[in-house]
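Each chain is listed here by its residues.
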Amino acid sequence: MINRIALLMLCCVFLAARAPAEQAPAAAPQSAIRAGKFIDVESGRTLSDQIILIRGTKIEAVGPDLKVPEGVPVIDLSNMWVLPGLVDCHTHLADAHDSEPLNVLKRTAVEMAYFNIPNAQVTLMAGFTTVRDVGVYRALNDVAMRDAIAQGIFAGPRMYVAGAYITISEGAGDMTGLAPDIQLPRDLRFGVANSPWEVRERIRELAHRGADHIKVLSTGAVLTHGSNPKSIEFTPEELRAAVEEAHNFGLRVAAHAHAAEGIKNAIRAGVASIEHSTLIDDEGIALAKQHGTYLVMDIYDGECIQTQADEPADFLEHDRDLDEAQRRNFTKALRAGVKMAYGTDAGVCPHGLNARQFAFMVKYGMTPMQAIQSATVNAADLIGHSELFGSIAAGKSADIIAVKSDPLADIHVLEHVAFVMKEGAVYKRE
Ligand SMILES: [Zn+2]
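Given the structure is predicted, the values throughout are model-derived calculations rather than measurements.

Before we move on, can you summarise the coordination of the zinc ion with the specific residues and values?
Looking at the metal site, the zinc ion is ligated by His 90 (NE2), His 92 (NE2) and Asp 345 (OD), spaced 2.1 to 2.3 Å from it. Every donor residue of the zinc ion comes from the same chain, spaced as H-x1-H-x252-D. You can see His 90 sitting in strand S5 (residues 86-91) and its partner Asp 345 sitting in the loop between helix H11 (322-336) and helix H12 (357-363), a full 255 residues away along the chain. The residues His 90 and Asp 345 share a single accessibility class, namely buried.

Encoded structure:
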């Protein structure tokens, strides 16, 4: 899938990394993109005829009158709409797309690692050059996947990972539904905690093992056996301990929460984002606004839960009524001006379909530009790396995609990305 330009660039990066210390490093390779239409997510406007100069993995300059130095290869996207690489703030790339979580127990950790490589590849090819991955049943598989992609072992988006789920015993992020006398190995129960001090202990270990953020499960879940999405799981004390301990290591906290009280407990504790936010009430919306908490509302994946033939009956029962409530609350929170970042819970729907949520966000009240901003500038702000990605600007990573018609006129266009560049390397060009 990686084309020749990408291979050449990867090859150059690789050679540069291996050059003996005494040799002067070769100048990073340059390229340029001619963008017919350029969606400027920072100003919310579409510009025409822009040149993007790229050096190595970074954007060097952007503007209408830039001169392309002689000999620098030009990628001609003059008949396309160019925009920043997309960001999904809620994925599970290191877990299989499988409606039955207990199927994790049928595969070794090594099988899981190999079989999930395509999840990363299809996500990148769909135009998502960065993801915030928010939990994995086999602890630290996501850390390994992130590092393998970063080292160029296989193609995938830049990943920020949680390492495991911080959850109560038999809670939303635990492996539930087993006979009580079955003992799971530690990597399948890595994040289980039942007091503020146990929460701190798990977070200390995850921080040490390479997590980029912490995922806590504040309420029950839809896709967990024996769970009730309307129940409260972690207490306010435990959530405060999670945020304080994560902050000690410079990490932000993402809280899974469906029930209104669980959402408010997590916002008051100081989490960076509420995942799902399904039953958020007026007080929760006001609190999110006051605290600057992001909502990451996966308003598309109910389609998959309701239509997958093998969806367990108890999950369908949990999900009943929640999809419509979540979509109504998305509109309410949007109108109230709460910060929103794009997150699909990819893995619930098959990986690589991430862009299908854009149309739902527009249907439920966003302008197409707002929807695109949720997956670019807002997502980068939530992850805490606006200096690196989220817009096409000098100094940022050369993460650039293009589509063949105007996504502001028809947001579905983003479901068919024709060009993908990540860190200056071209991965897809139709
Ligand atoms: Zn999730």
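Account for the pairing of strand S4 (residues 74-84), naming residues and giving values.
In the sheet, strand S1 (residues 30-40) pairs with S4 via six bridges, with the strands oriented parallel. Bridge pairing in S4 places Ala 35 opposite Leu 77. The pairing of S4 with strand S12 (residues 400-403) spans four bridges and is antiparallel. If you follow Leu 83 over to S12, its bridge partner there is Ile 401.

Lay out the sheet that holds strand S7 (residues 158-160) with the relevant residues and their values.
Pairing is parallel in the open sheet, where three strands are placed in the order S5-S6-S7. The sheet is open, and its two borders are formed by S5 and S7, each paired with just one other strand. Geometrically, the sheet is characterised by an average inter-axis angle of 20° between neighbouring strands, direction not taken into account. Sheet topology note: the S5/strand S6 (residues 128-133) ladder contains four bridges and is parallel. Opposite Thr 91, over in S6, you have Asp 133 as the bridge partner.

Quick one: what's the story with H11, residue by residue and with numbers?
Across its 15 residues, H11 extends 21 Å between first and last C-alpha, which sits within 8% of the 21 Å expected from 1.5 Å per residue. Here H11 has its buried residues at Leu 322, Asp 323, Ala 325, Gln 326, Arg 327, Asn 329, Phe 330, Thr 331, Ala 333 and Leu 334. Backbone geometry just after H11 places Gly 337 at a positive phi near 85°.

Describe unusual backbone geometry, and please don't skip the residues or the numbers.
For residues besides glycine, phi is generally negative; the peptide bonds are generally trans as well. Within the chain, Leu 140 stands out as a residue other than glycine whose phi angle is a positive 75°. By secondary structure assignment, the location of Leu 140 is in the loop between S6 and helix H4 (141-150). One non-glycine residue, Ser 277, lies in the positive phi region at around 55°. In this fold, Ser 277 is placed in the loop between strand S10 (273-276) and helix H8 (282-291).

Run through the state of the cysteines, naming residues and quoting values.
Per the stated rule, a full pass over the model turns up one disulfide. Covalent S-S linkage joins Cys 304 and Cys 349, the inter-sulfur distance amounting to 1.9 Å. Judged by the sign of its S-S torsion, about 105°, the bond between Cys 304 and Cys 349 is right-handed. With a gap of 45 residues between them, Cys 304 in helix H9 (residues 302-307) and Cys 349 in the loop between H11 and H12 connect regions that are remote in the sequence. Each member of the pair, Cys 304 as well as Cys 349, is classed as buried.

Go over the nonpolar core with me, naming the residues and quoting the values.
In terms of nonpolar packing, the biggest core is built from 73 residues, with Ile 214, Val 216, Ile 274, Phe 330 and Phe 358 touching the most fellow members. If near-sequence neighbours (up to four positions away) are discounted, Phe 358 is found in contact with Leu 86, Phe 128, Tyr 342, Ala 371, Ile 372, Ala 375, Ile 411 and Leu 414. Listed in part, the 19 residues of the second largest apolar core include Ala 35, Ile 54, Ala 418 and Val 426.

Would you mind going over the sheet that holds strand S3 (residues 58-63) in detail, with residue names and values included?
Reading across the sheet, the seven strands line up as S3-S2-S1-S4-S12-S13-S14 and stay open at both edges, with mixed pairing between neighbours. In this open sheet, the two edge strands, each paired with only one partner strand, are S3 and strand S14 (425-429). On average, adjacent strands in this sheet sit at an angle of 35° to one another, irrespective of strand direction. Across three bridges, S12 lies against strand S13 (residues 419-422) in antiparallel orientation. Looking at the pairing, Ala 402 lines up with Phe 419 of S13.

Now, about the side chain of Glu 100: what can you tell me, with residues and values included?
Mapping Glu 100 onto the fold places it in the loop between S5 and helix H2 (109-115). Lys 106 provides the closest opposite charge to the buried, salt-bridge-free Glu 100, at an N-O distance of 8.0 Å. Within the local environment of Glu 100, its side chain forms a polar contact with the backbone nitrogen of Leu 102, the two atoms lying 2.9 Å apart. What Glu 100 contacts, discounting residues up to four positions off in sequence, is His 225 and Pro 312.

Lay out a nonpolar patch on the surface in plain terms, naming residues and giving numbers.
Among the surface-exposed residues, Val 110, Tyr 114 and Phe 115 lie close enough to one another that they form a single nonpolar patch of about 360 Å² accessible area. When you line up the elements, Tyr 114 lands in helix H2. Take Tyr 114: its relative accessible area is 58%, and that puts it in the exposed class.

Thresholds, definitions, all that
- Residues numbered from 1 in each chain as written.
- Predicted model: local features only at pLDDT ≥ 70, side-chain atom pairs only at ≥ 80, totals over all residues.
- Heavy atoms only, no water.
- Donors = N, O, S within 2.8 Å, 3.2 Å for Na, K, Ca; no water.
- Helix = DSSP H or I, 4+ residues; strand = E, 2+ residues; numbered from the N terminus.
- Buried < 20%, exposed > 50% of the residue type's maximum accessible area, 1.4 Å probe, protein only.
- Pairing = 2+ DSSP bridges.
- Axes fitted to C-alpha atoms, helices over the stretch in contact; angles between N-to-C directions.
- Expected span 1.5 Å × (residues − 1).
- Disulfide = S-S within 2.5 Å.
- Core = buried A, V, L, I, M, F, W, Y, C linked by side-chain atoms within 4.5 Å.
- Contact = heavy atoms within 4.5 Å.
- Lys, Arg positive; Asp, Glu negative; His and termini not counted.
- Salt bridge = Lys/Arg side-chain N within 4 Å of Asp/Glu carboxyl O.
- Polar contact = N/O pair within 3.5 Å; in protein donor to acceptor, adjacent residues only side chain to side chain.
- Patch = residues over 30% accessible without salt bridge, like charges linked within 9 Å, V, L, I, M, F, W, Y side chains within 5 Å.
- Areas by Shrake-Rupley, 256 points an atom, 1.4 Å probe, with all protein chains shown as cover.

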